[in-house]
Amino acid sequence: MPCVGDWLNNPLSIVQGFFAQNVPNSDWEKKVTEYFKEKLKENNATNWVPSLNDVPVHYLKPNSLVKFRCMVQDMFDPEFYMGVYETVDPNTNARVLHFGKYRDVAECGPQQEIDLNSSQTVTSERQTLYCIPVPGESAWVKEISFFASQARVSPSTSYTPSRHKRSYEEDEDMDLHPSKQKEQHMGNSGGGDIHGCVEPKRLETEAPAGHHLISPNCSPPLDLNFPLPGEKGPACLVKVYESWESFKVNDVLEVYGVLSVDPVLSLVNNEERDSSALDPMDCMDTAEEQRVHSPPASLVPRIHVILAQKLQHINPLLPACLKEEESKTFVSNFMSELSPVRAELLGFLTHALLGDSLAAEYLILHLISTVYARRDVLPLGKFTVNLSGCPRNSIFTEHIYRIIQQLVPASHRLQMTIENMNHSRFIPHKDYAANRLVTGVLQLASNTSLVVDETQLEQGQLDTTGVHNVTALGNLITWQKVDYDFSYHRMEFPCNINVLITSEGRSLLPSDCQVHLQPQIIPPNMEEYMSSLLTAVLPSVLNKFRIYLSLLRLLDYSISDEVTKAVEEDFVEMRKNDPESITADDLHKTLLVARFLSLSAGQTTLSRERWLRAKQLEAQRKARLQQQKCVNGNEL
């Protein structure tokens with residue numbers, strides 16, 4: 001265990017030490033960052049930092065070091081603060097310099113006053129990000145991260161809860177399922193290797209919308225602005241001091257910083273507040289903007305960032321950065337056993353898809369697909385699959401989603417009903433009165449799996465909202481972008497979302513590839529059959545599937561000049577034999593299938609063998625569609 005001393009429990013004392021040694025030199029800020037960067041490299045020290053994803057705020061000591069895995073939902077305007085200020089004792093005239101960085105409230109002793117006219121005062125600027133837990137983050141990601149944490153926390157002395165809480169996810173669950181407490185202790189006692197078997201305790205189901213919290217000082221209830229219903233966890237105001245221009249809306253970050261939950265921050269929301277306690281500049285803001293931008297710290301804590309990094313992925317079974325030397329060893333070790341993992345995953349998904357191995361092949365290719373580049377407006381690498389032939393109004397599609405949910409780090413099932421289309425808010429829009437971005441269902445982090453269930457669609461009339469939502473969904477699939485609504489104009493936000501559409505016939509939405517399901521087995525009890533699939537697979541095997549799908553998305557890929565020439569010649573030859581048989585679009589699609597087929601086998605370049613296999617898969621898929629078209633007329 002690293003020495004947890006002051007740097008974990010009282011990081012501001014460390015900052016004070018550097019400040020006192022280096023004033024008036026500005027190097028102290030750089031030294032603080034370097035100090036914490038080095039500390040967090042020692043002996044898995046990151047596991048000793050309490051996470052707001054796992055631990056309720058009242059369990060954490062104010063002004064201690066915390067971490068938070070989050071998505072940037074909105075960016076507020078930069079704010080000015082006193083970076084350095086001076087206090088004076090009116091009796092003795094003694095003067096003391098203080099730092100204001102990493103603080104919300106100026107520190108001032110009982111016999112001291114802040115000298116606002118001091119020549120030593122330095123005004124600085126910081127950026128506030130409104131951050132939320134990653135939308136649709138899978139239960140297994142939360143559980144593995146929770147078990148890996150070695151942080152020890154106890155209730156804050158400033159607030160005593162009526163009962164002990166474990167984590168946000170288990171908070172409501174523990175009373176209903178006392179056996180969970182036993183499971184949790186067993187999970188923690190395992191210790192050691194987080195790549196081992198952490199058995200998922202339950203499948204995450206959609207909870208009632210719980211992102212409206214009632215604050216004693218504000219009415220109406222505070223909307224935490226989560227894109228998806230049923231999300232849990234804290235929203236945080238993340239104050240960034242350096243390089244904030246590198247962060248964008250929808251970026252996924254892991255931040256380390258000082259937790260600020262000072263009750264004074266809630267004054268803004270108190271209708272009977274003393275106006276003298278507020279900055280005069282606040283009077284320029286509307287009441288609604290004040291309420292949104294300065295919510296009670298007990299509901300929306302502040303984190304003053306010391307270190308922040310963008311995350312390539314949120315899979316806790318993988319190293320955070322694959323470029324480091326230790327990570328390269330991990331990757332090479334896993335790649336050496338890739339072939340059996342792929343074979344097992346293919347078998348698992350074939351069973352899930354009722355014995356259809358061709359559909360299982362395409363599902364693997366879909367799950368490892370990612371937008372790797374953009375050429376003008378065209379996103380390269382997107383691979384939206386329409387799985388048609390799904391039983392109508394069946395629990396089959398729900399269970400397919402649950403299986404995907406157990407394999408990928410973040411996902412959401414969008415039930416395409418007339419009700420949902422007409423009443424859901426898909427597109428984020430700007431609320432100018434509150435000066436914030438109001439979220440929508442399509443505000444998702446990169447690499448989220450979105451499963452659109454079209455089997456729920458029935459006859460009915462789409463209203464204006466429904467038409468806009470369907471259009472937005474189509475644009476997301478085709479262009480991998482969402483046009484956020486800023487009232488007077490729309491702003492494009494590029495995204496990287498894996499969309500799988502399940503439908504009975506051909507989908508109403510666009511797709512890159514339609515695969516018609518051909519069940520080889522019809523289980524007498526679908527519920528029992530699908531549920532038994534997940535219970536039958538070993539947790540250690542499930543973890544290998546999870547690593548496999550996340551890792552292959554991050555690999556580079558190239559095609560040699562020699563293979564490129566061979567593919568071109570092959571295309572010309574096919575066109576010569578039958579000009580109608582293959583188009584430029586077909587070639588592009590086959591190259592995409594070949595790309596993901598190669599990566600699925602751990603090969604980062606295209607070989608002749610993989611190209612032929614891709615052509616074979618495409619021929620089988622098209623033949624199946626043609627066969628279905630003959631059976632059903634012009635449906636497909």
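Reading guide: rules and limits
Residues numbered from 1 in each chain as written. Predicted model: local features only at pLDDT ≥ 70, side-chain atom pairs only at ≥ 80, totals over all residues. Heavy atoms only, no water. Pairing = 2+ DSSP bridges. Helix = DSSP H or I, 4+ residues; strand = E, 2+ residues; numbered from the N terminus. Core = buried A, V, L, I, M, F, W, Y, C linked by side-chain atoms within 4.5 Å. Buried < 20%, exposed > 50% of the residue type's maximum accessible area, 1.4 Å probe, protein only. Contact = heavy atoms within 4.5 Å. Expected span 1.5 Å × (residues − 1). Polar contact = N/O pair within 3.5 Å; in protein donor to acceptor, adjacent residues only side chain to side chain. Salt bridge = Lys/Arg side-chain N within 4 Å of Asp/Glu carboxyl O.

1. Some details on the pairing of strand β10 (residues 302–310)
Taken together, the three bridges between strand β8 (residues 236–240) and β10 define a ladder with parallel strand orientation. By the bridge assignment, L237 is partnered in β10 with R302. For strand β9 (residues 252–260) and β10, the ladder comprises eight bridges, and the chain directions are antiparallel. Each residue of the ladder has a partner; that of L253, found in β10, is K310.

2. Quick notes on the nonpolar core
Ranked by size, the top nonpolar core spans 74 residues in total, and within it F348 and L407 carry the most contacts. The contacts of L407, once residues within four sequence positions are left out, are W140, L345, F348, L349, L542, F545, R546 and L549. Listed in part, the 26 residues of the second largest apolar core include L437, L444, V452 and I497.

3. Considering helix α13 (residues 464–479)
For the α-helix, the turn length of 3.6 residues means that residues three or four positions removed from each other point alike. Over its 16 residues, α13 extends 22 Å from the first C-alpha to the last, a length consistent with the 22 Å expected when each residue adds 1.5 Å. In this structure, the buried residues of α13 make contact with β14 (411–415), α12 (418–423), β17 (449–453), β18 (481–485) and β20 (498–502). The backbone nitrogen of T465 has a side-chain oxygen 3.1 Å away, supplied by the residue at the start of α13, namely D463. Trailing α13 by a residue or two, Q480 shows a phi angle of about 50 degrees, which is positive.

4. Thoughts on the pattern of salt bridges
Should the charged atoms of two oppositely charged side chains come close, the side chains can pair. According to the stated counting rule, one finds 31 salt bridges in the structure shown. Among the ionic pairs, R126 bridges to D104, the shortest N-O distance being 4.0 Å. Of the two residues, R126 is situated in strand β5 (residues 122–132) and D104 in the loop between β3 (95–99) and β4 (113–114); the sequence distance between them amounts to 22 residues. Take D104: its relative accessible area is 21%, and that puts it in the partly exposed class. The shortest N-O distance in the salt bridge between E361 and R342 comes to 2.8 Å. Here the residue E361 occupies a position in helix α10 (residues 357–367), and R342 occupies one in helix α9 (residues 338–352), the gap between them amounting to 19 residues. A cluster of three or more residues bridged by salt bridges with shared partners is formed by E79, D104, R126 and K239.

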